[in-house]
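Report on the structure
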Amino acid sequence: EITKEQQALMKIITDAYNRHQIPQDVAKKLLQDQYSAEENFLLLTEMATSQVQVLVEFTKNIPGFLSLDREDQIALLKGSAVEAMFLRSAQVFSRKMPSGHTEVLEERIRKSGISEEFITPMFNFYKSIGELHMVQEEQALLTTVTILTPDRPYVKDQQAVERLQETMLDVLRKLCVLQHPQEPQYFARLLGRLTELRTLSHYHTEMLASWRMNDHKFTPLLCEIWDV
Ligand SMILES: CC(C)c1onc(-c2c(Cl)cccc2Cl)c1COc1ccc(-c2ccc3nc(C(=O)O)ccc3c2)cc1
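Notes on the structure follow. Quick caveat, the model's predicted, so the values are computed rather than measured.

**As for the packing of aromatic side chains**
- Following the criterion strictly, the structure yields 12 aromatic pairs and no others.
- Aromatic pair F41 and W211: ring centres 5.2 Å apart, planes at 65°, arrangement edge-to-face. One end of the pair, F41, is in helix α3 (residues 37-60); the other, W211, is in helix α9 (residues 186-213), and 170 residues separate them in sequence. Both residues of the pair, F41 and W211, count as buried.
- Both rings, one in F86 and one in Y126, keep their centres 6.3 Å apart while their planes meet at 40°; by these two values the pair is tilted. Highlighted residues: F86 in helix α4 (residues 70-94) and Y126 in helix α6 (residues 116-130), separated in sequence by 40 residues.
- Take F86: its relative accessible area is 6%, and that puts it in the buried class.
- The class for Y126 is buried, based on a relative accessible area of 6%.
- In textbook terms, an aromatic cluster arises when at least three aromatic residues are bridged by ring pairs, as seen for F86, F93, F123, F125 and Y126.
- Directly above the ring of F123 sits R110, whose terminal nitrogen or CZ lies 4.1 Å from the centroid.

**Some thoughts on α9**
- Given a rise of 1.5 Å per residue, 28 residues ought to cover 40 Å, and the 41 Å separating the end C-alpha atoms of α9 matches this to within 8%.
- Of the positions making up α9, those classed as buried are Y186, F187, L190, R193, L194, L197, L200, S201, H204, M207, L208 and W211.
- For α9, the elements touching its buried residues are α3, α4, α6, α7 (136-147), α8 (158-179) and α10 (220-226).
- Following α9 by one or two positions, D215 adopts a phi angle in the positive range, close to 55°.

**Focus: the pattern of salt bridges**
- Taken as a whole and assessed by the stated rule, the structure comprises 16 salt bridges.
- Among the ionic pairs, K29 bridges to E46, the shortest N-O distance being 2.5 Å. One end of the pair, K29, is in the loop between α2 (24-27) and α3; the other, E46, is in helix α3, and 17 residues separate them in sequence.
- R198 is the partner of D151 in a salt bridge, and the nearest nitrogen-oxygen pair spans 2.8 Å. Highlighted residues: D151 in the loop between α7 and α8 and R198 in helix α9, separated in sequence by 47 residues.

Scoring rules and cut-offs
- Residues numbered from 1 in each chain as written.
- Predicted model: local features only at pLDDT ≥ 70, side-chain atom pairs only at ≥ 80, totals over all residues.
- Heavy atoms only, no water.
- Phe/Tyr/Trp six-rings, centres within 6.5 Å; stacked < 30°, edge-to-face > 60°.
- Helix = DSSP H or I, 4+ residues; strand = E, 2+ residues; numbered from the N terminus.
- Buried < 20%, exposed > 50% of the residue type's maximum accessible area, 1.4 Å probe, protein only.
- Lys NZ or Arg CZ within 6 Å of the ring centre and 35° of its normal.
- Expected span 1.5 Å × (residues − 1).
- Contact = heavy atoms within 4.5 Å.
- Salt bridge = Lys/Arg side-chain N within 4 Å of Asp/Glu carboxyl O.

This is the structure in C-alpha cells:
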C-alpha cells in the first residue's frame, strides 16, 4: 500500500520530471530541413547538451540528492547521464510527439555517423520501452532510480546512495502493482530495462570514440560529463 509520504515523494519527482524538459525552441530545431550527417550530428549535440542541463536541474529536486557528498553527486550525474538521456529520448519515441519530432529525431539519429552495430540495439531499446506504456510517474521514478545507482565509478559513500535508491525502488514497485494489476511481473520488466541501459551505455562509449576519430566536436558540457 503506497503511504502518504511515498505519494508526496512521487508527486515531487513527477512534477520535477515534467517541469524540466528540453525547451521547445531547442526541440523545434529538429524540424529544420538540413539533413546532412554533419547537420544531424550538430543538432543531436545541441539536444544532448540541453538535455544534460535539464537533467542537472531535475536531480536537484530528488529528495535527499543534495544531501549527498558533492563529489558523489557529480559522480552520479556523470555515470547516469547517458542512461537518463536514453530514457528521455525513448519517451519522445513512445509519446509519438504531435509535433512530428519522433520521425525527425529517428531520422537524424540514424544519419549522424553512428555505426549500424549501435543503431540496432538502440532502436530495439526504444521499441522495448514503448511496449511498456509507462505512465509518467513510472518514467520519472525509473529515471530517478537510474540516477541513484550506487555502483557508478568514483562514488565514495555507496551506502547513502543505496538507501535513497531503495526508497525510490519501493515506491516504483508499489506503483507498478497499482498501475499494472494484470501484469505481476511488470516491475521486474522495468528493472530489466535498466540492465539494457547499462549495455547501451557501454556502446555509447564506443560511439563517442568513433565520432572523435572522425574529428567530431562536442560542447564543453558534454566533454566534462563524458570525459571526452
Ligand atoms: C552528442 C550527441 C551527438 C549524442 O551523443 N549520443 C547521443 C545519444 C543518442 Cl544518439 C541516443 C540516446 C542517448 C544519447 Cl546520449 C546524442 C544525442 O543525444 C540526445 C539526447 C536527448 C535528445 C532529446 C531528448 C528529449 C527531447 N524532447 C523533445 C520534445 O519535443 O519534448 C524533442 C526532442 C528531444 C530530444 C536527443 C538526442
